[in-house]
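Next come the chains, spelled out residue by residue.
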Amino acid sequence: MRRTLLAVLLAVTAAVAVPATGAAQPAAPTPPVENREPGNGPERNEVATLDGAFTAQLAQSENQADRHQGYPRRTKLRTYPENPADKAVKLNLAPYHSLAPKLNALQQKSNRISVEVVGQSGLGRDLYLVTLTAPESPAETRVQERFRATIEEGRNVPAGLYKAPIWINNNIHGDEWEGTDGALRVIEHLATSDDRETQNLLRRSRIYINLTANPDGRVAGTRVNAAGFDLNRDFVTSSQPENRAMQDVVERTQPLMMLDEHGYVPNTLIEPTTPPHGQNYDFDLYIKHGYANGLLMEKAVQALGHPEAAKPEIPFRDYPVGEWDGWAPIYTAQYAMYHGAVSYTIEIPMRVNRGDYDTLPVAELQRRSRINTDVVEATIKTTLDYVDDNRRSLIANQTEMFRRGAAGEEQRYIPDGFVPGFGPEDRFTTEFPRAYVITNDRSAPATARLVDQLVRHDVRVERAEKPFTLGGKRYPAGSYVVDMHQPKRGLANVMLEQGSDISDKAPVMYDISGWSHRLLWGASVDVHRSGPFRFDGKPVTAASPTGSVAVAPGGDLALTLTDQKDVSAVNDLLNRGLELRRQDDGTIVVPAKDRAAAKEVADRYGVRFTTARPGGVALQRKVVAAAVSADELQVLRESGFDVRTISTAVLNAGFDWSRIDALYVGAGLSYTQLNATARAALDEFLKRGGVVTRGATGSRFNADAGLLQATPVAGWEDANGVVNVVNGTGPVGTGALPHSFVYSPQWFTDLGTGVTVEQRYGSTVIAAGHWHARDDGTGGQDAAAGQAAVVSGTAVTGAKVVLFGTEPLFRDHPKGLYAQVARAIFWTGTR
């Protein structure tokens, strides 16, 4: 029998293995509730993001190598100064500054290893993609690329000639270090070993390793990246440079199988997940290999002999429904499935971060890290062996997924017992529409952004060359069409469909359960379920320009704030010192004399000016004091606002309110915890400045400061998703989308005189997501139906105030809601 790569590498590392001396972990599989780290829990309201925590400089990604260039692709990596403060040092793991010298040396030593810089982190650190494969000439690489493209079209290739691609992603959470170190062991072995098994593996495979997906977090010892974002929640939103680099990698490599190495869950966690499973997957093409390799990884981890990893947990087999689900496309593993990968999140066993990092003895931390590194190595090696042993079946699987998409076939029915334990609770499906049509009917900038987002994710979009009729509706030339007969139709649909209310299908959910680019990004998107489908179109590589000034010379120009780009354009003009006006419905007026400046921002931001009505009050540049989470800070600054970050501690230390026009409260600010001096200074501001609040922290601030009479009622704390709303006609509700987003939602009752309801929850609340009542019957959808979700009014102090019970800036995702927040800031900050 062939000696496996796993067996070879186990033999190599056994000599340096350290016997486990700590107590064994619990023997029985443990539900992961205490290990859930959704990244948007209480800390989002309690911890304010402040300037100086990281340097906010986003670097542009370097160009990736030509995909037709042969292998090896040697890159002389720039090196970084030694940093003894790198948090990995204490654990005896590889600090970031050690990676480039190590990779440079291996590239000089071996012709099987290539290293490319596929982007930079938020602080400008290089992101390394390591490729391990037998040498290829450019001609051989072109053949492999043709095979990859042929598979994506759903057509068969000679499986014996196609190099099986495998992707290993590491350290996406910066304080889950050991994925990088386990991968380094595998890299060195594959690059330098002369054993026949390794050489044969590399002739049949390409192994791609993202060595550290979050180098800034690795150095700082934080889960999040430099901007404060959890990168494993950002894949369909792609707000962060690190995520965009990973998306490019998975699209161009098209892996048959991938691992995302994380920590920490006692005993080790190995996916597949529990239900609910994403309803857009061809799940039969995933679960057979997904479960089989999961079981083999379990055995490999057990074979290490560490008592702390004696009984790995496979959620699909071991956990209750919803406790480790595969529903959202926001995670690395679940996102990669839409590009044809059988994928896994791996959670290594021994916690070394957070409080343990600061309190445990160094020797114990290093012992734990060695165990964790062994586990990472074992899961990688097992996966390489599995792909090598099953490469023909995996290639056929991936080809079949893309074939079904291109042919527009229905999803397959998966019978009970398809794999052991598969039952009705695992069966989630959808009906793919025939096409989506995206038009400029509501917001041209939003249309362009959505089209560009789809294209960047390898969804195929066409632009109509002529007017056409679909489903009885006439569309103009220039409309965008997403033909759902395409290979990655699952990815197209998960971004554009409404989603489902799965409240009754799972008692709990690990993270968010609803999202929709169609409903939340501000574009006008029609869904066509079936029927004749003909139009003349051309493939889109980028959306067409959208800016215009449709105003006769000499006329004032109006800009309606329906999109963040509109807000950015207004702030750009205000920063130039222009004299703008704000009208009662929120429309911004640019005087005729500044037409040239309006034309410039129309071209820059893609916004459209129309003829203005008379009237309006003067609008000046707004400076915002913001006690906010990281996602809110990013949106406010990208919208062009001048933001000064604050918290309770910042105000208590002394803060100059003289230049502040509006206060935004979402996290980390407590009125009752302010000292007398800070409170007096804030009270003086509240006599003249505006206030916008969000969530529980904001509502408490409103009540404690005695601003609006509005009693907040908390919905079920884990409720989340896309909600139906009914808009009012006030300064914030006018023109808003008919959908919003919630997480730990609120509504407002006992409204005082003069308090205006800007937005209510619809009679049917959840459009897509997870929201049920508490055990005592409170906090459910029925209680929220028809209640005030956003309110505005003027406090007795004179401050204009807006209270959001929704989450309009959540994780930089619901982009069509950003203008609603900007309208609130402009209204509250204008006297």
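Criteria and thresholds
- Residues numbered from 1 in each chain as written.
- Predicted model: local features only at pLDDT ≥ 70, side-chain atom pairs only at ≥ 80, totals over all residues.
- Heavy atoms only, no water.
- Helix = DSSP H or I, 4+ residues; strand = E, 2+ residues; numbered from the N terminus.
- Rg over C-alpha atoms; globule rule 2.2 N^0.38 Å.
- Buried < 20%, exposed > 50% of the residue type's maximum accessible area, 1.4 Å probe, protein only.
- Contact = heavy atoms within 4.5 Å.
- Pairing = 2+ DSSP bridges.
- Axes fitted to C-alpha atoms, helices over the stretch in contact; angles between N-to-C directions.
- pLDDT = per-residue confidence, 0-100.

Colleague: Help me understand the overall build of the chain in this model?
Modeller: Helix and strand counts for the chain stand at 25 helices and 33 strands. The globule rule puts the C-alpha radius of gyration for 831 residues at 28 Å, and the 27 Å found for the chain is close to it. By its C-alpha atoms, the chain is 85 × 65 × 55 Å across when sized along the principal axes. Within the chain, buried positions represent 62% of all 831 residues. Counted over contacts in the chain with a minimum sequence separation of 6, partners at least 24 positions apart contribute 79%.

Colleague: Would you mind going over the sheet that holds strand β10 (residues 435–439) with me for this structure?
Modeller: The strand order across the open sheet built from five strands is β15-β10-β14-β11-β16, with neighbouring strands paired in antiparallel fashion. Each end of this open sheet is capped by a strand with a single partner; those strands are β15 (524–528) and β16 (537–539). Across the sheet, the mean angle separating the axes of adjacent strands is 30° when strand polarity is ignored. Relative to strand β14 (residues 480–483), β10 runs antiparallel, the two sharing four bridges. Bridge pairing in β14 places Val437 opposite Val481. Of the strands in this sheet, β10, β14 and β15 are in contact with helix α15 (residues 444–456), which crosses β10 at around 140°.

Colleague: I tried to follow the confidence of the model for the chain on my own but got confused; where do I start?
Modeller: One rule of thumb: low pLDDT means the predicted coordinates there are not for detailed reading. Averaged over every residue, the pLDDT of the chain is 93; the share at 70 or more is 93%. Every residue in residues 1–6 scores below 50 in pLDDT, and together they form 18 contacts with partners more than four places removed in sequence or on other chains. Across residues 8–33 the pLDDT falls below 50, and counting only partners more than four positions away or on other chains, this stretch makes 45 contacts in the model.

Colleague: Help me understand the sheet that holds strand β1 (residues 113–120), please; the structure alone is not making it clear to me.
Modeller: Working definition: the strands of a sheet are paired by backbone hydrogen bonds and lie parallel or antiparallel to each other. Strand order in the open sheet formed by seven strands is β1-β2-β4-β3-β5-β9-β6, with mixed pairing between adjacent strands. Two strands bound the open sheet, and with one partner strand each, they are β1 and β6 (269–270). Taken together, the five bridges between strand β3 (residues 164–170) and strand β5 (residues 257–263) define a ladder with parallel strand orientation. Bridge pairing links Ile166 to Met257 in β5. Relative to the sheet, helix α3 (residues 99–109) contacts β1 and β2 (126–132), its axis offset from that of β1 by approximately 145°. Strands in contact with helix α6 (residues 196–204) are β2, β3 and β4 (205–210); relative to β4, the strand with the most contacts, it is inclined by about 90°.

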